[in-house]
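Listed below are the residues making up each chain.
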Amino acid sequence: DAEITQSPRHKITETGRQVTLACHQTWNHNNMFWYRQDLGHGLRLIHYSYGVQDTNKGEVSDGYSVSRSNTEDLPLTLESAASSQTSVYFCASSRRNSYNEQFFGPGTRLTVL
Amino acid sequence: GQQVMQIPQYQHVQEGEDFTTYCNSSTTLSNIQWYKQRPGGHPVFLIQLVKSGEVKKQKRLTFQFGEAKKNSSLHITATQTTDVGTYFCAGYNTDKLIFGTGTRLQVFP
């Protein structure tokens, strides 16, 4: 069955370190998204991609970067982790038409000490 | 920027009682989607509404899209413990899906 996976599921890191969160989907979806979820803020869009080599900034992109070298993967990199980036991160994907439903991965809980 | 607010933030109900969450956008939405997130889980798509004034039902869940396409509601009749979770609305403005702040529902048996 097609799916979307994230790794690691839990990560503890130190302030200043570079961290990369992986997202892999086998739906063959063109669109992929990264969100962070914090209490009181719902889901906030970090970066998104509508296809290979396409990346766009979302609402809270500062301190994060993404790259899309193939259809299946959209890794999220925290260049220099900060305590304010402690959060739960969700990756999602959807079919080409941007109005389609989004399928979410299981999430990565990141703690920055 | 565009904001999508939901009320209430939390709701505790006795099993069998009804529940409603309201979603309000600062701008007109192209469509609205609803997602459910169980505790410790990830958001799962429930439904999409596109037309002004549209009403859709899924068993005990009733979804409405406002006439002005700036608000929406989700009503659950006779809640069950399986309804526990956080319900998010999400609206498209141009090409981006903006999520509401969510309503966390707790159901006591």
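This text goes with the structure placed above it.
For clarity, every value in this text was computed on a predicted model and none was experimentally measured.

K.L.:
Quick one: what's the story with the overall build of chain B, residue by residue and with numbers?
P.N.:
Each helix and strand counted, chain B has 0 helices and 11 strands in total. Each helix (α) and strand (β) of chain B, taken in turn from the N terminus, gives the series β-β-β-β-β-β-β-β-β-β-β. In terms of overall size, chain B behaves like a compact globule, its C-alpha atoms giving a radius of gyration of 13 Å where 109 residues would be expected to give roughly 13 Å. The 109 residues of chain B split such that 46% are buried.

K.L.:
For the nonpolar core, give the residues involved together with the corresponding values.
P.N.:
Trp34 and Phe63 of chain B are the most contacted members of the largest nonpolar core, which totals 21 residues. For this core, the secondary structure elements donating two or more residues are β3 (19-25), β4 (32-37), β5 (43-49), β7 (61-65), β8 (71-76), β9 (85-93) and β11 (103-108) of chain B. If we ignore the near neighbours within four places in the chain, the residues touching Phe63 of chain B are Trp34, Leu46, Ile47, Leu49, Glu54, Val55, Lys56, Gln58, Ser73 and Leu74 of chain B. With 17 residues, the next largest nonpolar core counts Trp34, Leu76, Leu110 and Val112 of chain A among its residues.

K.L.:
Which residues make up the state of the cysteines, and what values go with them?
P.N.:
All names here are of chain A. For the structure shown, the criterion picks out 2 disulfides over all chains. Disulfide pairing is shown between Cys23 and Cys91; the S-S distance is 1.8 Å. With the S-S bond torsion at -70 degrees, the cross-link from Cys23 to Cys91 turns out left-handed. Of this pair, Cys23 sits in strand β3 (residues 19-25) while Cys91 sits in strand β9 (residues 87-94), and the two are 68 residues apart along the sequence. Taken as a pair, Cys23 and Cys91 share a single burial class, namely buried.

K.L.:
Would you mind going over the interface of chain B and chain A in detail, with residue names and values included?
P.N.:
Taken together, the contact between chain B and chain A spans 20 residues of the former and 17 residues of the latter. Carbon and sulfur atoms supply 53% of the area that chain B and chain A bury against each other, a total of about 1,600 Å² over both sides. For chain B, the biggest contributors to the area lost against chain A are Tyr92, Asp95 and Phe99 of chain B; these three give 27% of the whole. Scanning the region where chain B abuts chain A turns up 0 salt bridges. Seen at the junction of chain B and chain A, the total is 4 residue pairs in polar contact (both at pLDDT 80 or more). Elements with a contribution of two residues or more to the side of chain B that touches chain A: β4, β5, β9 and β10 (96-99) of chain B. Taken together, the residues that form the side of chain B that touches chain A break down as 7 nonpolar, 11 polar and 2 charged.

K.L.:
Before we move on, could you go through the sheet that holds strand β7 (residues 64-66) of chain A and cite the residues and values that matter?
P.N.:
The pairing of strands in a sheet comes from backbone hydrogen bonds and takes either a parallel or an antiparallel form. Residue and element names in this part refer to chain A. Pairing within the open sheet is antiparallel, and its 4 strands lie in the order β1-β3-β8-β7. Across the chains shown, the open sheet's two edge strands, defined by having one partner strand only, are β1 (4-7) and β7. Here the strands of the sheet are splayed against their neighbours by 20 degrees on average, with no regard to which way each runs. As paired strands, β7 and strand β8 (residues 76-78) are joined by 3 bridges and run antiparallel to one another. The residue bridging Ser65 from the neighbouring strand is Thr77, located in β8.

K.L.:
Mind laying out the pattern of salt bridges, listing which residues take part and the relevant values?
P.N.:
Residues and elements named next belong to chain A. All chains considered together, the criterion is met by 5 salt bridges over all chains. Where Arg36 meets Asp38, a salt bridge forms, and the shortest distance between an N and an O atom there is 2.8 Å. Summarising the burial analysis for this pair, Arg36 and Asp38 share the class buried. Across the pair Arg44 and Asp38 runs a salt bridge, and its minimum N-O distance is 3.0 Å. The exposure classification of Arg44 matches that of Asp38, with both residues buried. Through salt bridges with shared partners, a single ionic network connects Arg36, Asp38 and Arg44.

Analysis parameters
Residues numbered from 1 in each chain as written. Chains lettered and ligands numbered in written order. Predicted model: local features only at pLDDT ≥ 70, side-chain atom pairs only at ≥ 80, totals over all residues. Heavy atoms only, no water. Helix = DSSP H or I, 4+ residues; strand = E, 2+ residues; numbered from the N terminus. Rg over C-alpha atoms; globule rule 2.2 N^0.38 Å. Buried < 20%, exposed > 50% of the residue type's maximum accessible area, 1.4 Å probe, protein only. Core = buried A, V, L, I, M, F, W, Y, C linked by side-chain atoms within 4.5 Å. Contact = heavy atoms within 4.5 Å. Disulfide = S-S within 2.5 Å. Buried area = accessible area lost by both parts, 1.4 Å probe. Salt bridge = Lys/Arg side-chain N within 4 Å of Asp/Glu carboxyl O. Polar contact = N/O pair within 3.5 Å; in protein donor to acceptor, adjacent residues only side chain to side chain. Nonpolar A, V, L, I, M, F, W, Y, C, P; charged D, E, K, R; others polar. Pairing = 2+ DSSP bridges. Axes fitted to C-alpha atoms, helices over the stretch in contact; angles between N-to-C directions.

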